[in-house]
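# Architecture and fold: a report
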Amino acid sequence: MRKKMALLVSLVAAVMISATNVVAGEVEVLHWWTSGGEAAAVQELQKMLEKEGHVWKDFAVAGGGGSAAMTTLKSRAVGGNPPTAAQVKGPQIQDWADLGVLTSLDSVAKAEGWDTTVPKVVSDVMKYDGSWVAVPVNVHRINWMWLNKSVFDKNGIAYPKTWDEFFMAMDKLQKAGVTPIAWGGQNWQEATVWETIVAGVGGNDFYKKALVEADIAALKSDTMVQCFEVMKKMKQYTDASAPGRDWNLATAMVIKGEAAVQFMGDWAKGEFTAAGKKPGTDYDAVPAPGTDDAFLFNIDSFIMFDVKDADAKKAQSAMARLILSPAFQTVFNVNKGSIPVRSGIAEDPFDMIAVSAMGDFTDTAKSGGLMPSMAHEMAVSPAIRGAMFDVVTNFYNSDMSAADATMKLAAAVEEAKM
Ligand code: GAL
């Protein structure tokens, strides 16, 4: 009996040692995922790391779109005290790598076969001088319209497919006493809606010229005037409390049926999921009018700073490995509203919206409709993006005409290019 007990104890100990990978380290992780859906998603990473015995020190800086988080990150780095890992994306990855402060993730990448599972368009952004310096988490689609199903059904209105149908529907809903559009009045949210309109009104080639190439002729074209007109027309269908509203509070208005629609990337789905709502029953998502053949993509990623502590290094590589593991890719993206960024992940745990996004991702990659989001740092330089944000927000929040906004946009981008 005693012998049996001793054997059992040593077996349990052995299992525990292998489960914790022997050495535990701490990772301090800076991110901006603080809404219900975002927090539920990122907590899955924390749980998985803790299961391997590591310690997660949460460094969440609230603020959708991440600009507050980036300001905090810069000040911590300037102070010589960066976190172990930080949510950073797009061209900023290269900027941090340029400073020589990042850890190479090549050994994890090699062991895990990232080069064969992650699409090249994505890995190009994650690599610096051919070396992996960031790990991608997901793919978000921007150009969605989120709809409260019962608000549309009760009022006998079909989901609009064109901008004309859209504004007719908004009129009817307003007359019925619903706030038609849930608007979050912050610059990055306004830029998010604007880029969706640019793709929907101008089409894919126009989007690429204007918001990827920052082509001045496209920026000051009549088509751009039309885009601004559509954006300003939306304003009459928003409520008086829109200025400054956080994106997730706008989503909550649609969830509760206080508003009919929201234009937002599919992190909004994370909020519906966290509220226990089901697509097709409680709500739906359709591509914004005119954007069926467009997939404006936004990829989240983490960089790891060069740390001296050997245990912290182990925790970093565990975090990198876990992020692209099939188990995490599934549970995280189901909660976050995004789709997996690597191949080989089963579709069945995902809802119908994610499955349609997966299909559209593949189709648009072939057709040319897969395009980087300007608002979410995938397309143009930070200077050009900043210039675009300023003009769009000033236009939306003033009585500036669409024609003036177009001229100002071209001039501001021209200056930002210098
Ligand atoms: C985006 C980010 C998303 C989502 C959103 C709102 O920039 O890529 O993951 O979190 O901000 O916070």
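First, a word on what this report is: a plain description of the structure on this page. Only a predicted model underlies this, so the values are computations on that prediction, with no experimental measurement involved. (Residues numbered from 1 in each chain as written. Predicted model: local features only at pLDDT ≥ 70, side-chain atom pairs only at ≥ 80, totals over all residues. Heavy atoms only, no water.)

### Some words on the pairing of strand β12 (residues 295–298)
Burial along β12 is two-sided: the residues Phe295 and Phe297 and Leu296 and Asn298 are all buried. In the sheet, strand β7 (residues 140–141) pairs with β12 via 2 bridges, with the strands oriented antiparallel. Residue pairing in the sheet places His140 in a bridge with Asn298 of β12. Inspection of the sheet shows β12 paired to strand β14 (residues 370–372) by 3 bridges, in the parallel sense. Looking at β14, one finds that Phe295 is bridged to Leu370. (Buried < 20%, exposed > 50% of the residue type's maximum accessible area, 1.4 Å probe, protein only. Helix = DSSP H or I, 4+ residues; strand = E, 2+ residues; numbered from the N terminus. Pairing = 2+ DSSP bridges.)

### Side note on the site of the ligand
Neighbouring residues of the ligand: 14 residues in total, closest Glu38, Lys89, Asn298, Asp300 and Lys336. In this structure, an oxygen atom belonging to the ligand sits 2.7 Å away from a side-chain N or O atom of Lys89. In this structure, an oxygen atom belonging to the ligand sits 2.6 Å away from a side-chain N or O atom of Lys336. Starting from 300 Å² of accessible surface for the ligand in isolation, the protein chains cover 100%. Residue composition of the shell around the ligand, grouped by class: 5 nonpolar, 5 polar and 4 charged. Each of two domains, domain 1 (2–140 + 298–367) and domain 2 (141–296 + 375–416), supplies a minimum of three residues to the shell around the ligand. (Near = heavy atom within 4 Å. Polar contact = N/O pair within 3.5 Å; in protein donor to acceptor, adjacent residues only side chain to side chain. Areas by Shrake-Rupley, 256 points an atom, 1.4 Å probe, with all protein chains shown as cover. Nonpolar A, V, L, I, M, F, W, Y, C, P; charged D, E, K, R; others polar. Domains from an automatic or database assignment.)

### So, the environment of Thr362
With respect to the helices, strands and loops of the structure, Thr362 is situated in helix α18 (residues 352–367). Taking the C-alpha atoms as reference points, Thr362 and Phe295, separated by 67 residues in sequence, lie 9.7 Å from one another.

### Things to note about the packing of helix α13 (residues 222–234) against helix α20 (residues 402–417)
Relative to each other, α13 and α20 sit at 120°, their axes nearing to 8 Å. Considering their axes alone, α13 and α20 lie oblique with respect to each other. Both α13 and α20 take part in a crossing whose hand is right-handed. For the pair α13 and α20, the contacting residues are Met224, Val225, Phe228 and Glu229 in the first and Ala402, Ala403, Ala405, Thr406 and Leu409 in the second. Split into classes, the residues belonging to the contact of α13 with α20 amount to 7 nonpolar, 1 polar and 1 charged. (Axes fitted to C-alpha atoms, helices over the stretch in contact; angles between N-to-C directions. Parallel < 35°, antiparallel > 145°, perpendicular 65-115°, else oblique. Left-handed = near helix turned anticlockwise from the far one by under 90°. Contact = heavy atoms within 4.5 Å.)

### Focus on the sheet that holds strand β6 (residues 134–136)
The 5 strands are arranged β2-β1-β3-β13-β6 in an open sheet whose pairing can be described as mixed. Bordering the open sheet on either side are β2 (55–60) and β6, each of which pairs with just one other strand. Neighbour-to-neighbour, the strand axes of this sheet turn through a mean angle of 20°, independent of strand direction. Both strand β1 (residues 26–31) and strand β3 (residues 85–87) contribute to a ladder of 2 bridges, which runs parallel. When the sheet's bridge partners are listed, Leu30 is paired in β3 with Ala86. Strands β1 and β2 of the sheet are contacted by helix α2 (residues 36–51), whose axis makes an angle of about 160° with β2.

### Examining the sheet that holds strand β11 (residues 283–287)
Here we have 4 strands laid out as an open sheet, ordered β9-β10-β8-β11, and mixed in their pairing. Because the sheet does not close on itself, it has two edges, and the strands there are β9 (179–181) and β11. Between one strand axis and the next, the sheet turns by 20° as a mean value, whatever way the strands run. For β9 and strand β10 (residues 259–263), the ladder comprises 2 bridges, and the chain directions are parallel. Bridge pairing in β10 links Thr179 to Ala259.

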